Amino acid sequence: MEHTITVADHAGFCFGVQRAVDTAYEELEKSAGTGEKLYCLGSLIHNKIVTSELESKGLVTIKDISEAPAGAHVLIRAHGEPDSTYAAAAAAGTRITDATCPFVDKIHKSARRAGGLGRRVFVIGDPDHPEVIGILGAAPLKVGAADSPEDCLRFKNQLLGQPITAVAQTTISREKFDSCCAVLKEICTDLEIEDTICNATKQRQDGAKKLAAESDAMVVIGDHGSSNSNKLFEICKKYCESVFFVENLSDLPLQELRKYNKIGVAASASAPQQIILEVISNMSEIFTNEMNAEMNEMLAYMDEIEKSLKLPGRGEVVTGSVVQVTKNYVVVNLGCKKDGMLPKEEITLEDDQELTAVFSEGDEIQAKVIKTDDGDGNILLSKKKLQSGENWDEINAALDSKEVVNVTVVKEVKGGVIAAYKEVSGFIPMSQLADHYVENAEEFIGKTLPVKVTRVDQRRNKAVFSHKAFLAEEKHKKIAEIWDTLSVGDVVEGKVMRFTDYGAFVDIGGIDGLLHISEISWGKLRHPQEALEIGQVINVKILSMNPEKGKISLGLKQNAPEPWSVIDETYHEGDIVKGKIAQIKEYGAFVELAPGLDGLVHISEVAHKRVNKISDELEIGQEIEAKILEIDKEKRRISLSIKATLPAPAAEEAAEEKTEE
């Protein structure tokens, strides 16, 4: 029987846990011989083997910050702590070494930002998990936490009608997160979702899921008290019938594992490399002569673990992930026991540019090792020493070919912004940021913009970009395409953009056409806004096109028939109609029955009594009822009578009126 042992991708300590463990060892080493104790607020990681070893070196675990003596040295673990913990530490004069995972710290910042915007924070995660408690403790406004759709529903009344920002516990499974988000979307009318599941967690869970589906049995290495270990175990159980939870070697069911051909190994974020190696080694011994070529892959994985313990040498080019950015340096995780330290002076920056504007946590960067130890236990790095001409060659090529390149806006400076193309920093003048006037460039910070390279000075390490030039070229292409698709007589959808006294400009898919005031309505208008609103979507007819001048004339009234052409369908002599007084003359009043269709009420037809001045009886805009006395289609005249709709006066009143006459 052939056997294979395959290790899931991304097994073992995640970056945050590794960083916390390394920090603990470093701080214990510094305090060795001084008599100073190092206190850890809660179990450093959910792994008894690691915590036991740290305790043997002098680490004291406490449950609450109040348990630490005044002025003590306290380590904050990767899970993070509520803001109240830091406040209590400051009040007691406690010295804090913060090993909060940068990804967890980022969620704390999101929670504070949400509170500042008046939004309430809801955490999708285990309410009793220390990480979740810390997140809620950083939120000025909060609702609570839930790790299942059913639990989310319990908060329905608190969520209804509130602006909600939902974040995730970094170790929660993707399935749980998605199912909870679906419930929140049903409840909340103002919901902002931030997917804060740690990428390392997702990669570990995806790797375990894939391997479990391909294996006869799975061995999950972790601690029973670890949330991410239990989640990994749950995921594997869904895809593999036989799954074994191993906390240490004594839990490894070697005889039971002999029954299976394909054995997969997954390890939680809190599983130390030592245990992973020992488990794999013990399993491989029982299959010594039966392993196929896949065993070599497992051995290669073991080699990779060993390599991670080795430090890069001086002059070596390394790639790492940014874990911290300060005013004076960048800390880089290089995947080994030491972090890389990249000082500000070893980076080429523009004028008063700050590191915090150029680098962000999670960025991947490349640098050269100057020293393997900078005196503080870090590896000293330099980007200046690494500079190559590759990116400049690309920039120069783009200048010559007028090709578009994508740059990221990193900071606003006097007169414009600094934008980065890979390792090349360039300048975008404020006038070249957009195709309209830009007063404040804040909205562009952090955005990636397509630009044209307009100038290069490689000697001074400077380039000038223009986003406006790109937009102008794209607009020209789009306009050309639109012109090709339009014809006179077409009816197209448009959006009213702006008014003038003589009409309205309408956007018909990227180009503006003029809708003259005379083409808006069959009736008379004093201003376009009498019939239209800015932003209104209307169907317009193309009346004429002049490609040479780039002008298009539009019509709106053509969507309805000219009133006199269909008057027989709507109006007849003897009909009682409604209308609005449009004009008042000495001899009568003109009544608008419909746009472009007016009728005249002669002064003698205003009332049963004698009328000397029409303005005494009627006013502009007044709604009236009148009877159609005559329709003359040839002369386009309609005679109306208001008095014909009024009750005839009593005999006495009529006699008085006759006497007055």
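Residues numbered from 1 in each chain as written. Predicted model: local features only at pLDDT ≥ 70, side-chain atom pairs only at ≥ 80, totals over all residues. Heavy atoms only, no water.

**Student:** Explain the overall build of the protein to me, please; I cannot follow it from the model alone.
**Tutor:** Assigned secondary structure in the protein consists of 18 helices and 32 strands. Taking 26 Å as the expected radius of gyration for a compact globule of 661 residues, we find that the protein reaches 39 Å, considerably beyond that expectation. On the principal axes, the C-alpha backbone points of the protein span a range of 125 × 65 × 65 Å. Out of the 661 residues belonging to the protein, those deemed buried represent 45%. Partitioning the intrachain contacts of the protein with sequence separation of at least 6 by distance along the chain shows that 65% fall at a separation of at least 24. Here the protein has roughly 34,200 Å² of accessible surface; of this, 47% comes from carbon and sulfur atoms. (Helix = DSSP H or I, 4+ residues; strand = E, 2+ residues; numbered from the N terminus. Rg over C-alpha atoms; globule rule 2.2 N^0.38 Å. Buried < 20%, exposed > 50% of the residue type's maximum accessible area, 1.4 Å probe, protein only. Contact = heavy atoms within 4.5 Å. Areas by Shrake-Rupley, 256 points an atom, 1.4 Å probe, with all protein chains shown as cover.)

**Student:** Where do I start with empty space enclosed by the protein in this structure?
**Tutor:** The probe, sized like a water molecule, is rolled over the atoms to show the empty space still left. Counting across every chain of the model gives three cavities of 30 Å³ or more. Approximately 290 Å³ is the volume found for the largest cavity. Every residue lining the largest cavity is counted, 25 residues in all, and those nearest its centre are C14, V17, T170, T171 and N228. Those elements giving two or more residues to the lining of the largest cavity turn out to be α1 (15-31), α4 (102-116), α9 (199-214) and α10 (227-239). Here the lining of the largest cavity is built from residues that sort into 12 nonpolar, 11 polar and two charged. (1 Å grid on protein atoms, 1.4 Å probe; cavity = no way out; pocket = protein on both sides within 12 Å on 5 of 7 lines; lining within 4 Å. Points joined across faces, edges and corners; volume = space filled by probe spheres on them. Nonpolar A, V, L, I, M, F, W, Y, C, P; charged D, E, K, R; others polar.)

**Student:** Please explain the packing of α4 against helix α5 (residues 130-138) as it appears in this structure.
**Tutor:** Each pair of packed helices can be summarised by the angle the axes make with each other and by the distance between the axes. Contact geometry for α4 and α5: axes closest at 8 Å, N-to-C directions at 30°. Judged by the sense of rotation from one axis to the other, the crossing of α4 with α5 is right-handed. Contacts from V104, I107, H108, A111 and R112 in α4 reach E131, G134, I135 and A138 in α5. Tallied by class, residues from the contact of α4 with α5 come to five nonpolar, two polar and two charged. (Axes fitted to C-alpha atoms, helices over the stretch in contact; angles between N-to-C directions. Left-handed = near helix turned anticlockwise from the far one by under 90°.)

**Student:** Which parts of the structure should I look at to understand the pairing of strand β24 (residues 503-507)?
**Tutor:** Moving residue by residue along a regular strand, the side chains alternate between the two faces of the sheet. Here β24 lies mainly inside the structure; four of its five residues are buried. As paired elements, strand β23 (residues 491-500) and β24 share five bridges and run antiparallel to each other. The residue of β24 that forms the bridge with R498 is F505. Sheet analysis places β24 next to strand β25 (residues 512-516), joined by five bridges and oriented antiparallel. What sits directly across from D507, in β25, is D512. The loop that links β24 with its antiparallel partner β25 comprises four residues; one of these, G509, has a positive phi angle of about 100°. (Pairing = 2+ DSSP bridges.)

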